[in-house]
Amino acid sequence: MFTPDAMDLHPLIAPRSIAVVGASERSGLGRWILEGLAVFGFDGGVYPVNPKFEHLLGHKAYASIGDLPVATDLAALCIGRAGVLDAIQQCAARGVRAAVIYDSGFSETGAEGKALQERIVAICREAGIALCGPNCMGILNLSARSTSFKQTIRTAQGLAGNVALVSQSGSIAGTMLADLRRFGFSAVVSSGNEAVVNLGQYIDYFAGDPATNVIAAFIESIRDPQMFVAALDRAASAGKPVVVLKVGKSERTQHAITSHTGGLAGESRVFSEVLRAHRAIEVTDLDEMTEILAACQGARWPRGRGLNVLTTSGGQAELILDVATASGIELAPLAAEGRARIEADVGPITGDGNPLDAWGNGDASRNMPISLRVLDENEATDVIVFCSSDSVDDQPLGRAGRELDYARILVEAARNSQKPHFLMSMRPGVMHTGQVRYLADAGVAVVGGARQGLGAIQRLMEWHRAPPPVFAEDPITVLPAGRTINEHDAKRLLVTAGLPIPRECLCVDLASACEAANMIGYPVVMKIAADEVPHKSDHGLVAVGLRDDGELAAALARMIEVARALGAPVDSWLVQEFVPDGIEVFVGVSRDPDFGLSVAFGMGGVGIEVMKDFSLRMLPLRAGEAQEMIAAVRGAALLGAYRNRPAADRLQLVDCIERVAKFAWANRDQLNEIDLNPIKVREAGRGCMIVDALIVTRDAHES
Ligand code: ADP
Ligand code: MG
């Protein structure tokens with residue numbers, strides 16, 4: 001029996017021999033594939049299977065799969081839904097190693113289709129057949145010059161490139177294939193229902209494919225989360241960005257919610273955080289995806305954070321700056337030295353030099369090279385983007401050949417530089433194909449639109465700067481299995497991770513409670529400490545600010561009544577230091593059933609649940625992420641200084657978040673949830689105090 005990860009995908013994605021089952025003279029799928037193989041110049045074996053023909057398009061035809069003279073790598077089943085079960089059985093018997101089923105009417109349509117799909121899957125698994133589909137358009141492989149793709153291929157011209165596309169939607173694959181002006185494909189996979197081979201396996205294959213530099217994925221659902229994230233990691237370590245467009249993010253299944261703030265992981269945001277954690281580049285539409293793929297076409301890829309734009313007009317420079325600023329794209333002003341050099345040679349410049357309007361005296365052939373050289377020599381510049389008026393094919397106005405003159409200047413500058421150079425048009429999708437081709441030959445990529453184009457470059461810059469994880473020590477604590485651990489016991493575990501908790505004592509009766517309160521010093525807080533009551537104040541089992549023995553006695557008498565009515569223990573009371581000051585925040589950890597643990601941060605009160613004002617990161621946490629998490633919460637503005645109130649201790653809050661994350665990661669197999677609500681963040685220098693804690697662990701069999 002073959003496990004999916006052990007499956008060799010070469011016979012499917014880069015077959016050396018292909019049986020086209022159901023090929024015919026008639027125009028249709030089987031014929032398109034035979035013709036496509038001819039257009040590509042496929043030099044492997046081609047075996048049409050159809051009892052009605054002796055020969056088809058120059059190939060000897062065979063009556064059945066069983067009659068094939070060799071066990072082919074691939075069988076493209078162009079025969080209709082009714083015949084596929086039988087055909088797959090024959091493939092298994094003949095030793096065919098991979099197959100494509102195009103037809104729909106399987107798991108996506110209901111019980112009968114699902115059952116049929118399951119039978120096919122069982123046969124494939126048993127025989128080790130790598131199956132693409134059903135309900136897909138098959139696979140196009142430009143480096144292997146093979147195709148099982150369900151479209152007529154008019155020409156191979158311009159199709160080949162360095163992008164591998166895996167799409168769960170066939171028509172999105174078709175859409176992406178329609179525009180080859182700036183990039184081509186190493187391969188295109190329409191993966192369909194992914195009954196056997198899934199998205200993660202395809203990504204994993206392309207992570208190791210020499211013809212692929214960047215991977216694009218259009219995703220409706222993730223069938224094997226573990227495989228998917230492992231493939232993202234493999235691609236990242238191979239230096240290949242994975243650009244992901246996910247639709248239907250809000251449909252994620254919710255999981256059981258054990259505490260007030262638990263279940264945050266059911267948020268669609270978890271998926272975005274998983275992508276971030278595994279260094280995929282998430283995009284929200286095809287335009288954004290397209291610009292990133294285009295930005296990956298240069299000989300040198302963007303790194304560093306210094307982005308400088310050169311323009312030929314003041315209006316353009318102003319527009320680009322406005323758009324960039326609104327989109328969170330940083331264009332740092334040009335340093336005084338560089339500015340002085342430009343002004344000396346080109347004439348006075350308006351604005352702060354980024355974007356740099358280098359029009360000056362209007363002599364572009366002189367001003368552009370000078371400006372590009374200054375940017376190249378400017379230490380803070382990592383990426384140079386040139387933007388002049390947009391050009392298109394067959395443009396009615398302007399001097400012919402102007403766009404190529406600019407392109408030559410840009411290519412010359414790029415040749416003498418180690419920094420990546422880009423040409424940018426003001427609008428996405430507007431370009432002059434001759435100019436694009438000329439630049440591409442010289443290793444200069446073309447992006448479009450200040451927002452989309454610069455945004456794409458910035459995403460790649462960030463991609464190169466992924467910080468290392470905040471490393472976890474080995475597990476230091478042994479968590480009890482399958483337990484909702486009450487505040488007191490949870491805090492005993494948290495102190496082992498160096499987390500700050502107030503002084504407190506567990507007491508059994510009034511006498512011991514009084515003794516503890518006097519030792520800690522009034523005012524104190526008293527609460528029930530019992531696993532059965534995770535949410536204490538819901539039942540009135542928290543009393544804060546008790547000032548003396550009398551108030552303590554009254555509170556205890558009342559709470560014993562409540563506990564008795566609840567059937568909770570009446571001899572387990574926590575007497576705790578009252579922390580009067582500090583801003584209340586929440587830090588929690590929860591488990592997503594697919595993707596594992598994440599840490600969340602928000603402000604106390606209604607912020608998290610009502611306003612959804614919280615931030616989330618997957619574990620393990622990376623350096624700098626705790627700071628980002630605080631910055632991303634709107635309500636965290638409250639942590640700043642305000643009028644007479646001093647700023648809160650953000651540094652210690654960061655430390656707290658990182659320690660919670662480390663603790664959780666070290667105990668990741670046992671943990672289901674941590675809920676620290678609230679943590680009181682005191683003024684700068686005075687640290688934080690975790691005044692309530694709850695830990696929920698998994699059942700022994702889960703971990
Ligand atoms: P619950 O189980 O209901 O969440 P908590 O322990 O969080 O109970 O107590 C409820 C509220 O009481 C907290 O949100 C906090 O505002 C306040 N509180 C609890 N413990 C303390 C303390 N030691 N010092 C000051 N306020 C506290
Ligand atoms: Mg609480």
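For the structure, see preceding data.
What counts and how
- Residues numbered from 1 in each chain as written.
- Chains lettered and ligands numbered in written order.
- Predicted model: local features only at pLDDT ≥ 70, side-chain atom pairs only at ≥ 80, totals over all residues.
- Heavy atoms only, no water.
- Helix = DSSP H or I, 4+ residues; strand = E, 2+ residues; numbered from the N terminus.
- Buried < 20%, exposed > 50% of the residue type's maximum accessible area, 1.4 Å probe, protein only.
- Contact = heavy atoms within 4.5 Å.
- Areas by Shrake-Rupley, 256 points an atom, 1.4 Å probe, with all protein chains shown as cover.
- Lys, Arg positive; Asp, Glu negative; His and termini not counted.
- Charge placed at Lys NZ, Arg CZ, Asp CG, Glu CD.
- Near = heavy atom within 4 Å.
- Polar contact = N/O pair within 3.5 Å; in protein donor to acceptor, adjacent residues only side chain to side chain.
- Donors = N, O, S within 2.8 Å, 3.2 Å for Na, K, Ca; no water.
- Salt bridge = Lys/Arg side-chain N within 4 Å of Asp/Glu carboxyl O.
- 1 Å grid on protein atoms, 1.4 Å probe; cavity = no way out; pocket = protein on both sides within 12 Å on 5 of 7 lines; lining within 4 Å.
- Points joined across faces, edges and corners; volume = space filled by probe spheres on them.
- Nonpolar A, V, L, I, M, F, W, Y, C, P; charged D, E, K, R; others polar.
- Pairing = 2+ DSSP bridges.
- Axes fitted to C-alpha atoms, helices over the stretch in contact; angles between N-to-C directions.
- Expected span 1.5 Å × (residues − 1).
- Patch = residues over 30% accessible without salt bridge, like charges linked within 9 Å, V, L, I, M, F, W, Y side chains within 5 Å.

## Quick word on the overall build of the chain
Then comes step 1: Along the chain, the regular secondary structure elements total 20 helices and 30 strands.
Then comes step 2: Taken over the C-alpha atoms alone, the chain extends approximately 100 × 80 × 35 Å along its principal axes.
Then comes step 3: Counting across all 703 residues of the chain, residues that qualify as buried make up 55%.
Then comes step 4: Considering only contacts in the chain between residues 6 or more positions apart, those separated by 24 or more positions represent 71%.
Then comes step 5: Element-wise, carbon and sulfur atoms account for 51% of the exposed surface of the chain, whose accessible area totals about 29,300 Å².
Then comes step 6: Counting 66 positive and 84 negative side-chain charges, the chain places the centres of these two groups 4 Å from one another.

## Quick look at the site of ligand 1
Then comes step 1: For ligand 1, the set of nearby residues contains 19 residues, the closest of which are K527, K536, S537, Q576 and E584.
Then comes step 2: Separating a nitrogen atom of ligand 1 from a backbone N or O atom of V579 is a distance of 2.9 Å.
Then comes step 3: Contact distances for ligand 1 include 3.3 Å between an oxygen atom and a backbone N or O atom of N677.
Then comes step 4: Protein burial of ligand 1: of its 540 Å² of free accessible surface, 84% is covered by the chains.

## Remarks on the coordination of the magnesium ion (ligand 2)
Then comes step 1: Within the protein, the magnesium ion (ligand 2) binds to N677 (O) and D692 (OD); these donor distances fall in the range 2.1 Å. Of the two residues, N677 is situated in strand β28 (residues 671-681) and D692 in the loop between β29 (688-690) and β30 (694-697); the sequence distance between them amounts to 15 residues.
Then comes step 2: Given the relative accessible area of 17%, D692 is considered buried.

## Description of the pattern of salt bridges
Then comes step 1: Counting across every chain of the model gives 38 salt bridges.
Then comes step 2: When the shortest N-O distance is used, the salt bridge between E194 and R223 registers 3.0 Å. Taken together, the residues E194 in the loop between β11 (185-190) and α6 (199-207) and R223 in the loop between β12 (214-219) and α7 (225-237) connect sequence positions 29 residues apart.
Then comes step 3: One continuous salt-bridge network, built from bridges that share partners, spans E487, K491, R492, E504, K527, K536 and D692.

## What to know about empty space enclosed by the protein
Then comes step 1: Under the defined criterion, the tally for this structure stands at six cavities of 30 Å³ or more.
Then comes step 2: Of the pockets and cavities examined, the largest cavity occupies roughly 100 Å³.
Then comes step 3: Contributing elements (two or more residues each) for the lining of the largest cavity: α13 (402-415), β18 (421-425) and α14 (433-441).
Then comes step 4: Broken down by class, the residue content of the lining of the largest cavity amounts to seven nonpolar, six polar and two charged.

## Quick look at the sheet that holds strand β1 (residues 17-21)
Then comes step 1: Taken in spatial order, the five strands line up as β2-β1-β5-β6-β7 in an open sheet, and their pairing is parallel. Strand pairing shows two members of the sheet lacking a second neighbour, β2 (45-49) and β7 (130-132), which therefore form its edges. Neighbour to neighbour, the strand axes of the sheet diverge by 20° on average, direction disregarded.
Then comes step 2: Here strand β5 (residues 74-77) pairs with strand β6 (residues 98-101) via four bridges, running parallel.

## Focus on the layout of surface pockets
Then comes step 1: What the largest pocket holds in volume is close to 740 Å³.
Then comes step 2: Lining the largest pocket are 23 residues; nearest its centre among them are R276, R459, E462, W463 and E628.
Then comes step 3: Secondary-structure elements contributing two or more residues to the lining of the largest pocket are α8 (269-277), β14 (281-283), α15 (450-463) and α19 (625-631).
Then comes step 4: When residues of the lining of the largest pocket are assigned to their parent elements, the largest contribution, five residues, is made by α15.
Then comes step 5: Split by residue class, the lining of the largest pocket holds eight nonpolar, three polar and 12 charged.
Then comes step 6: Its volume calculated, the second largest pocket comes out at about 640 Å³.
Then comes step 7: As for the second largest pocket, its lining consists of 28 residues, of which S537, E584, N677, P678 and D692 are closest to the centre.
Then comes step 8: Per-element accounting of the lining of the second largest pocket gives the leading share, four residues, to β28.
Then comes step 9: Taken together, the residues of the lining of the second largest pocket sort by class into 11 nonpolar, eight polar and nine charged.

## Description of α13
Then comes step 1: Between the first and last C-alpha of α13 there are 20 Å, a value that for 14 residues agrees with the 20 Å anticipated at 1.5 Å per step.
Then comes step 2: Among the residues of α13, E403, Y406, A407, I409, L410, V411, A413 and A414 are the ones counted as buried.
Then comes step 3: On its buried side, α13 packs onto α12 (364-377), β17 (383-387), β18 and α14.

## A short note on a nonpolar patch on the surface
Then comes step 1: On the surface, V606, V610 and M611 cluster together into a nonpolar patch covering about 310 Å² of accessible area.
Then comes step 2: Mapped onto the secondary structure, V606 falls in the loop between β26 (596-603) and β27 (614-618).
Then comes step 3: The exposed category is assigned to V606, whose relative accessible area is 57%.

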